[in-house]
Amino acid sequence: MIEQKTLLIDRIVGRLGRATNCALGVAVSGGSDSLGLLVLLADWARETGRDLFAATVDHGLRPEAAQEAYYVAGVCRDLGVPHETLRWHCEQVTGNLPDQARRARYRLLAEWARCNSLGCIAIAHTLDDQAETFLMRLAREAGVDGLAAMVPHWQQNGATFCRPTLGVERRELRDVLRERGIDWIDDPTNSDSAYDRPRARMALAALKDVGISARGLSNVAQHLAEVRTSLYWYVFLAAQSHVRFAKGDAYIARKGFRTLTRDVARRLLQELLKWISGAEYAPRGRSVELMLESIRGGTGMTLHGCVMTVMQDELHLTREERAVADLRVPADRPWDARWQLDGPWPDDVEIGCLGQTGLLQCPEWHECGMPEVSLRASPAVWRNDHLVAAPLADFANGWQATLLRDDKQFFAAVLAH
């Protein structure tokens, strides 16, 4: 068992990449997957002198959650791993509760990572999770992006996350826990057929009779991930050839855009819409298909908090005024997560959308080279209802606007797929 455990640790650490050179965090729910990962990483940290920290997110959605976090804290104490419980304080939840809880979990973990100077947070998604996700997305008739394997590393909320157990089966982690005499917590929803994942788990068990295994499906997902990588390489090349960036906007050459395959064109639009809006996810494929139809018909469209305008030679993508109309932040904070404004006397002013009202107070805006639709959604300095400055509209008054998400970040995001 010692030799098997050593090999398992080597497989996991091999997937950590550069994260092995910095303080590492691990998210632990109390289930077998995350507890197994915790135990193996604790052994590795003890043997190598690395710093390891653990956190449990208590969403407060189940009465047992607090007790489960307390149990994980006890296991961490026995292993000598510092532990913290992160609580989600949500007064009112509307819409998709699981999705909001998942977003809150990663947001809390990212903040925890910043506070502890962690280089990476390990998430215990296993080979079984990969196979179950494949079946769930297959049922939804997903394409290459949906069926492709989960990415091993990604950035979210300013933190780096990794999945070092994607090539490990759940039973292997449970064997580690059994050997150490550590119990795990079974979430009752994991066996509730009202949820998609338990149904996928049952379907996977039934598929064994025809030779389809979790490892086999995981391998298929990995093959599709390689196809996804190739597609986004073509998106990268298409963007370099046919897209120009100016003051936070994107302009696509129509002649070049027409030469792209539909898959590449759709992905290019999705990535540009993500880059401009700052949204965590790209718009759904069907919505982008409608935008492609609008482009073909020569008409504009709004989508994902952005405006697309069809011009004679170019497609123009910019921020939608309505998406930022009510956004006001103190002058020292980024606005729309895209712009940082700096200037004199910042204490009694706010950054907000210029809008039509502000634009009328910028007599030289026609000289700035930006379209009116872009300027209306651009940042401006306000003192209550009085316009102080609008740097992008040639009404600077000592202020300047710096774009935080530039074209280099766009290209990096495309290649990160």
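Residues numbered from 1 in each chain as written. Predicted model: local features only at pLDDT ≥ 70, side-chain atom pairs only at ≥ 80, totals over all residues. Heavy atoms only, no water.

> So what's going on with the environment of Gly297? Which residues, and what values?
On the secondary structure map, Gly297 appears in helix α12 (residues 285-297). Along the sequence, Gly297 and Val310 sit 13 residues apart, while their C-alpha atoms lie 9.4 Å from each other. (Helix = DSSP H or I, 4+ residues; strand = E, 2+ residues; numbered from the N terminus.)

> How would you explain the packing of helix α2 (residues 32-48) against helix α3 (residues 65-79) if you had to name every residue and give the values?
For any two helices packed against each other, one specifies the crossing angle of their axes together with the interaxial distance. Contact geometry of α2 with α3 gives a least axis separation of 11 Å together with a crossing angle of 20°. Relative to α3, the element α2 lies roughly parallel. Considering the relative orientation of α2 and α3, their crossing is right-handed. Facing α2, whose interface residues are Leu35, Leu38, Val39, Ala42 and Arg46, α3 presents Tyr71, Val75, Cys76 and Leu79. Here the residues of the contact of α2 with α3 are counted per class, giving eight nonpolar, no polar and one charged. (Axes fitted to C-alpha atoms, helices over the stretch in contact; angles between N-to-C directions. Parallel < 35°, antiparallel > 145°, perpendicular 65-115°, else oblique. Left-handed = near helix turned anticlockwise from the far one by under 90°. Contact = heavy atoms within 4.5 Å. Nonpolar A, V, L, I, M, F, W, Y, C, P; charged D, E, K, R; others polar.)

> Explain the pairing of strand β5 (residues 153-156) to me, and be specific about the residues and the numbers.
Only one face of β5 is buried: it carries Trp154 and Gln156, and the other face, with His153 and Gln155, is open. Examined bridge by bridge, β5 and strand β6 (residues 159-162) share four bridges and lie antiparallel to one another. Residue pairing in the sheet places Gln156 in a bridge with Ala159 of β6. (Buried < 20%, exposed > 50% of the residue type's maximum accessible area, 1.4 Å probe, protein only. Pairing = 2+ DSSP bridges.)

> I'd love a proper account of the sheet that holds strand β16 (residues 386-389), names of residues and values included.
On the basis of which strands lie adjacent, the open sheet formed by four strands has the order β12-β14-β15-β16 and antiparallel pairing. Each edge of the open sheet carries a strand with a single partner, namely β12 (328-330) and β16. Across the sheet, the mean angle from the axis of one strand to that of its neighbour is 45°, orientation sign disregarded. Two elements, strand β15 (residues 379-383) and β16, share three bridges in a ladder whose sense is antiparallel. Opposite Arg383, over in β16, you have His386 as the bridge partner.

> Tell me about the packing of aromatic side chains, and please be specific about residues and values.
By the definition in use, this model includes ten aromatic pairs. Ring geometry for Phe236 versus Phe411: centroids 5.4 Å apart, planes at 80°, classification edge-to-face. Here Phe411 lies in helix α16 (residues 407-415) and Phe236 lies in helix α9 (residues 214-242), a separation of 175 residues in the sequence. Considered together, Phe236 and Phe411 belong to a single accessibility category, that of buried residues. Considering the side-chain rings of Trp275 and Phe410, the 6.1 Å spacing of their centres and the 70° angle between planes classify their relative orientation as edge-to-face. Placement of the pair is Trp275 in helix α11 (residues 262-277) and Phe410 in helix α16, with a sequence separation of 135 residues. Summarising the burial analysis for this pair, Trp275 and Phe410 share the class buried. Through successive ring pairs, a cluster of aromatic residues spans Trp233, Phe236, Phe245, Trp275, Phe410 and Phe411. If you follow Arg338 out to its NZ or CZ, it ends over the ring of Trp275, 5.8 Å from the centre. (Phe/Tyr/Trp six-rings, centres within 6.5 Å; stacked < 30°, edge-to-face > 60°. Lys NZ or Arg CZ within 6 Å of the ring centre and 35° of its normal.)

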